[in-house]
Amino acid sequence: MTVKNVLDSATTVGVIGAGAWGTALANVAARTGRSVALWARRAEQVAELTNLRENRRYLADIRLADTVAPTADLARAADNDLVLLVVPAQSLRSVAAELRVHVRGGATLISCAKGIERDTLMLPTQVLAEEIPEGRPAVLSGPSFASDVASGLPTAVTVAASSLEHARCIGAALASATFRIYHSDDVAGVEIGGAAKNVMAIAAGIAAGRGLGASAGAALVARSFAELRRLGKAFGARPETLMGLSGLGDLILTAGSPQSRNFALGHAIGSGLPLPDVLAEGAFTARGLLALAAQHNVDMPIASAVEAVLSGRASPDHAVELLLDRPLRAEN
Ligand SMILES: NC(=O)C1=CN([C@@H]2O[C@H](COP(=O)(O)OP(=O)(O)OC[C@H]3O[C@@H](n4cnc5c(N)ncnc54)[C@H](OP(=O)(O)O)[C@@H]3O)[C@@H](O)[C@H]2O)C=CC1
Ligand SMILES: O=C(CO)COP(=O)(O)O
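For clarity, every value in this text was computed on a predicted model and none was experimentally measured. (Residues numbered from 1 in each chain as written. Chains lettered and ligands numbered in written order. Predicted model: local features only at pLDDT ≥ 70, side-chain atom pairs only at ≥ 80, totals over all residues. Heavy atoms only, no water.)

So, on to the site of ligand 1. Around ligand 1, 22 residues are found, and the nearest of them are Arg 42, Tyr 58, Ala 146, Arg 261 and Glu 281. In the model, a nitrogen atom of ligand 1 is placed 3.4 Å from a nitrogen or oxygen of the Ser 91 side chain. A distance of 2.8 Å separates an oxygen atom of ligand 1 from a polar atom in the backbone of Ala 146. When ligand 1 sits alone it has 900 Å² of accessible area, and the protein chains cover 87% of it. Partitioned by chemical class, the residues of the shell around ligand 1 number 13 nonpolar, three polar and six charged. When residues are assigned to domains, the shell around ligand 1 turns out to be shared by domain 1 (4-185) and domain 2 (192-324), each giving three or more. (Near = heavy atom within 4 Å. Polar contact = N/O pair within 3.5 Å; in protein donor to acceptor, adjacent residues only side chain to side chain. Areas by Shrake-Rupley, 256 points an atom, 1.4 Å probe, with all protein chains shown as cover. Nonpolar A, V, L, I, M, F, W, Y, C, P; charged D, E, K, R; others polar. Domains from an automatic or database assignment.)

All right, on to the sheet that holds strand β1 (residues 13-16) then. Across the sheet, eight strands lie side by side as β5-β2-β1-β6-β7-β8-β9-β10; this open sheet has mixed pairing. Each end of this open sheet is capped by a strand with a single partner; those strands are β5 (68-71) and β10 (179-184). Averaged over all neighbouring strand pairs, the angle between strand axes comes to 25°, with direction disregarded. Two strands pair when backbone bridges link them, and strand β7 (residues 108-111) and strand β8 (residues 136-141) are joined in this way by four bridges, in the parallel orientation. By the bridge assignment, Thr 108 is partnered in β8 with Arg 136. Packing of helix α5 (residues 124-131) onto the sheet brings it into contact with β6 (82-85), β7 and β8, and relative to β8 it is tilted by some 160°. (Pairing = 2+ DSSP bridges. Helix = DSSP H or I, 4+ residues; strand = E, 2+ residues; numbered from the N terminus. Axes fitted to C-alpha atoms, helices over the stretch in contact; angles between N-to-C directions. Contact = heavy atoms within 4.5 Å.)

Moving on, we get to the domain arrangement of the protein. Here the protein is partitioned into domain 1 (4-185) and domain 2 (192-324). A C-alpha centroid distance of 26 Å is found between domain 1 and domain 2. Contact residues are listed per partner, giving 22 residues for domain 1 and 25 residues for domain 2. Each partner contributes to the roughly 1,900 Å² buried at the junction of domain 1 and domain 2, and carbon and sulfur atoms together form 64% of this total. The interface formed by domain 1 and domain 2 includes two salt bridges. A salt bridge links Lys 114 to Asp 250; its shortest N-O distance comes to 2.6 Å. Linking domain 1 with domain 2 are five residue pairs in polar contact (both at pLDDT 80 or more). Listed by contribution, the elements that provide at least two residues to the side of domain 1 that touches domain 2 are α6 (146-150), β9 (155-161) and β10. The greatest single-element share of the side of domain 1 that touches domain 2, amounting to three residues, is contributed by β9. In terms of residue class, the side of domain 1 that touches domain 2 is made up of ten nonpolar, eight polar and four charged. (Buried area = accessible area lost by both parts, 1.4 Å probe. Salt bridge = Lys/Arg side-chain N within 4 Å of Asp/Glu carboxyl O.)

Below, the discussion takes up the site of ligand 2. Surrounding ligand 2, one finds Lys 114, Gly 142, Pro 143, Ser 144, Phe 145, Lys 197, Asp 250, Leu 253, Thr 254, Ser 260, Arg 261 and Asn 262. Between ligand 2 and Lys 114 there is a distance of 2.8 Å, counted from an oxygen atom to a side-chain nitrogen or oxygen. Residue Ser 260 places a side-chain N or O atom 2.7 Å away from an oxygen atom belonging to ligand 2. Relative to its unbound accessible area of 310 Å², ligand 2 is 92% covered by the protein chains. Those elements that provide at least two residues to the shell around ligand 2 are α11 (245-255) and α12 (261-271). No other element matches α11, which puts three residues into the shell around ligand 2.

Before going further, it helps to examine the state of the cysteines. Taken as a whole, this structure holds zero disulfides when the rule is applied. Here Cys 112 stays unpaired: no disulfide links it, and the sulfur of Cys 169, its closest cysteine neighbor, is 17 Å away. (Disulfide = S-S within 2.5 Å.)

Moving on to the packing of helix α13 (residues 281-295) against helix α14 (residues 301-310). The axes of two packed helices give the description: the angle between them and the distance between them. Direction vectors running N to C along α13 and α14 enclose 125°, while the axes themselves pass 9 Å from each other. For the element pair α13 / α14, the angle class is oblique. Judged by the sense of rotation from one axis to the other, the crossing of α13 with α14 is left-handed. When α13 is examined against α14, the residues Gly 282, Ala 283, Ala 286, Arg 287, Leu 289 and Leu 290 are found in contact with a partner set consisting of Ala 303, Ser 304, Glu 307 and Leu 310. Partitioned by chemical class, the residues of the contact of α13 with α14 number six nonpolar, two polar and two charged. (Parallel < 35°, antiparallel > 145°, perpendicular 65-115°, else oblique. Left-handed = near helix turned anticlockwise from the far one by under 90°.)

Structure representation (structure tokens):
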């Protein structure tokens, strides 16, 4: 498929994964007038989506658009020009491996997951390139809660691909009045921001749960961004990407809102409450993030504190003490 016909009005869309984000993105694609196949792995979920036109477990009170066709048939969702992969980062490889035989050569594969694969330290588009070499990988990321997007509230995200023209075409194919899509060719920059901000949002939640106050919260976000920027720079990410929607924008959203599942996990840890049973990608990415940082000689004390708490090596209070005990230094 050429980049040109990504823009074709006949371009078809498949969404792999019917959680909160996959369901919201299926509705987003449907807004452009396209028919969308939405794949869920469980037949009973497909039946519910088909009969109720609602995803009660993951995105309650939002009506599934009429042109979204739920399916348990992976081939049906994969056999499209644009395929959005919206499963957790740690499941992406196994899903992509199954998908490969069904994908059209040259199909655009858009990773919508935010994380780092634990065993390989790969970013999601690297996993896609390895598992489906016939596809053309891209990433969609930015500050965007599924429920906001599905409710039609204004949202802006970034799509990145190795070719800027490819990214532009994807953006043009999926954008709508309330879903603005900026384009970029800084794929690693966009993916690092999305992975790191989830870990930082856990730190912000822990601080809020411990009652450390708004000033500490702001300091934590600023110093979290310094860590994200240092790691991004080591990967060759552009400063405007890191300061843009997928970096600073998403950090501000998730580290500042109890609506974030990563923040909510941190808040529960900090306040000693039962942990919420939701997908908090930062918990699966913290260790990989630190391993990548170590490979690049990048200091990430906040991410390190989060990992120490998650692995049980430090209590939240001890982690805070360690951060406050660090030597005073120039701000960078
Ligand atoms: N929610 C949001 O606001 C946003 C989420 N994202 C990212 O999107 C990704 C998905 O998140 P989200 O949709 O919110 O997560 P949810 O927890 O809402 O849903 C996860 C979905 O993935 C499915 N799934 C889990 N494991 C597998 C597997 N091994 N094979 C196939 N399907 C699987 C689940 O199916 P089942 O029900 O059968 O377990 C479920 O449909 C994450 O990386 C997240 O960071 C990005 C931006 C916004
Ligand atoms: O990535 C998100 C918003 O941009 C969703 O954040 P949570 O996964 O923390 O809910």
